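# A look at the structure
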Amino acid sequence: MKKLFTLTFVFFSFTLTFGQKSKTKITETPKPFVLGVIEEIQSKELNEKRILNIYLPEGYNPAETTKYPVIYLLDGSADEDFIHISGLVQFNSFEWINQVPKSIVVGIATVDRRRDFTFPTNIENDKTRFPTTGHSDQFITFIEKELQPFIEKKYKTNESKTIIGQSLGGLLETEILLKKPFLFNRYVIVSPSLWWNNGSLLDLDSEILKENFNQQIDIYIAVGKEGLTPTEIPRVMEVDANVLAEKIKASKSKNIKVYFDYFPEENHGTILHPAVANSFKFFYPQAKE
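Residues numbered from 1 in each chain as written. Predicted model: local features only at pLDDT ≥ 70, side-chain atom pairs only at ≥ 80, totals over all residues. Heavy atoms only, no water.

On to the pairing of strand β6 (residues 186-190). Among the 5 residues of β6, 5 are classified as buried, and the element is accordingly described as predominantly covered. Bridge count between strand β5 (residues 157-166) and β6: 5 bridges; the pairing is parallel. If you follow T162 over to β6, its bridge partner there is R186. What joins β5 to β6 is helix α6 (residues 168-179), and the crossover it makes is right-handed. Inspection of the sheet shows β6 paired to strand β7 (residues 217-224) by 5 bridges, in the parallel sense. Of the residues in β7, the one forming a bridge with Y187 is I219. (Buried < 20%, exposed > 50% of the residue type's maximum accessible area, 1.4 Å probe, protein only. Helix = DSSP H or I, 4+ residues; strand = E, 2+ residues; numbered from the N terminus. Pairing = 2+ DSSP bridges. Right-handed = clockwise from strand over helix to strand, strands pointing away.)

Below is the structure:
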């Protein structure tokens, strides 16, 4: 009787296993997992083709009248920050989270970030080490004259425009904020490389500091425990970021709002993700129950 039970059990196990393997064999061919769409834009300002990675929120329908905020992401290549930042936007816009309105994310794929994100420097050593630098003015014009009009024409967008960047990307954002603040109404500036050209951007005057500046702008500045900068004259990343925050806080305009966030447990490589998550809480505060 025991032998019969054993044989029956073995036969049943073999049949079950064989059946599972058979089902596996006839499974359909795997399909690609699509996160967004890829656009190409030929830039006259930059004299090159640029790749845009675009995340569209759930329910997006170009035939409907609903319009969405746009989040522009520097270093927006698929192997840079596009995937995890789009994930943060999606997560925070879930109905049960409801921290962020459903938004379009436009990742600007990187070509030469030293060229695009820096203005001309007077530091001879940096000119030698980074010979392509100093063309942020062209990249800013690309954003203003080509990129934003392209997105606004092709996608269902509203007036809300956020920009996110880190390191040299944070440097570029700071330059835009001080020189052409109207390009965005929300800035997420993370670990900005304000050491560039010996911190000259921190001495720049700006219309956002004047009493008659009437555009509403929210600015979130974050820095980790990052220490000394890669410069001949020592600077400290945390200090520079704090100086920028204090400079903006001194604005006489009531339309400028700034929040400084320090992450002592994060470094230059790990800070972006938690900082962006925190910025959403600053931009979209939820009423306490």
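The predicted structure's coordinates, where accompanied by low pLDDT, should not be read in detail. Mean pLDDT over the protein chain works out to 91, with 90% of the residues at or above the 70 mark. pLDDT under 50 marks residues 1-16. Its contacts with residues more than four places away, or in other chains, come to 0 contacts. (pLDDT = per-residue confidence, 0-100. Contact = heavy atoms within 4.5 Å.)

Locating F283 in the fold gives a position in helix α8 (residues 272-283). Separated by 63 residues in the primary sequence, F283 and Y220 have C-alpha atoms spaced 8.3 Å apart. Discounting residues that sit within four places of it in the chain, F283 has contacts with T162, R186, Y187, V188, D218, I219 and Y220.

With that settled, consider the side chain of D116. Examined against the element boundaries, D116 turns out to sit in helix α3 (residues 113-117). Those residues within four positions of D116 in sequence are excluded, and the remaining contacts are L46, R50, H135, S136, F139 and L172.

A few words now on the environment of K225. When you line up the elements, K225 lands in the loop between β7 and α7 (237-249). Distance from K225 to H268, taken between C-alpha atoms, is 7.6 Å for residues 43 residues apart in sequence. Ignoring sequence-local partners within four residues, the contact set of K225 consists of E238, Y262, F263, P264, E266 and N267.

Glancing now at the packing of helix α2 (residues 82-92) against α8. The interhelical angle for the contact between α2 and α8, taken along N-to-C directions, is 30°, at an axis separation of 10 Å. The angle between the axes of α2 and α8 places the two elements in the roughly parallel class. With respect to the hand of their crossing, α2 and α8 are arranged in right-handed fashion. Two secondary-structure elements touch here, α2 through H84, I85, L88, V89 and N92 and α8 through L272, H273, V276, A277 and F280. For the contact of α2 with α8, the per-class residue count stands at 7 nonpolar, 3 polar and no charged. (Axes fitted to C-alpha atoms, helices over the stretch in contact; angles between N-to-C directions. Parallel < 35°, antiparallel > 145°, perpendicular 65-115°, else oblique. Left-handed = near helix turned anticlockwise from the far one by under 90°. Nonpolar A, V, L, I, M, F, W, Y, C, P; charged D, E, K, R; others polar.)

Moving on, we get to empty space enclosed by the protein. The full count for this structure, using the stated rule, is 1 cavity of 30 Å³ or more. There is about 40 Å³ of room inside the largest cavity. The wall of the largest cavity is formed by R50, L74, D75, I108, A109, T110, V111, D112, R113, D116, F117 and F139. (1 Å grid on protein atoms, 1.4 Å probe; cavity = no way out; pocket = protein on both sides within 12 Å on 5 of 7 lines; lining within 4 Å. Points joined across faces, edges and corners; volume = space filled by probe spheres on them.)

For the rest of this paragraph, the subject is a nonpolar patch on the surface. Taken together, the side chains of L228, V236, V239 and V243 make up a nonpolar region of the molecular surface, amounting to roughly 320 Å² of accessible area. By the secondary structure assignment, V239 is in helix α7. (Patch = residues over 30% accessible without salt bridge, like charges linked within 9 Å, V, L, I, M, F, W, Y side chains within 5 Å. Areas by Shrake-Rupley, 256 points an atom, 1.4 Å probe, with all protein chains shown as cover. Salt bridge = Lys/Arg side-chain N within 4 Å of Asp/Glu carboxyl O.)

For the rest of this paragraph, the subject is the pairing of strand β3 (residues 68-73). With respect to burial, β3 is a largely interior element, 6 of its 6 residues being buried. Pairing between β3 and β5: 5 bridges, direction parallel. The residue of β5 that forms the bridge with V70 is K161. Where β3 lies against strand β4 (residues 104-108), 4 bridges are found, and the strand directions are parallel. Each residue of the ladder has a partner; that of L73, found in β4, is G107.

Let us look at the sheet that holds β7. Taken together, the 8 strands give an open sheet; going across it, the order is β1-β2-β4-β3-β5-β6-β7-β8, and neighbouring strands pair in mixed fashion. The open sheet is flanked by β1 (37-43) and β8 (256-263), the only strands paired with a single partner. In this sheet, adjacent strand axes meet at a mean angle of 20° when their direction is disregarded.

Below, the discussion takes up the environment of N198. Along the chain, N198 turns up in the loop between β6 and β7. Residue class for N198 comes out partly exposed when judged on its relative accessible area of 35%. With 33 residues separating them in the primary sequence, N198 and T231 have C-alpha atoms 8.0 Å apart.

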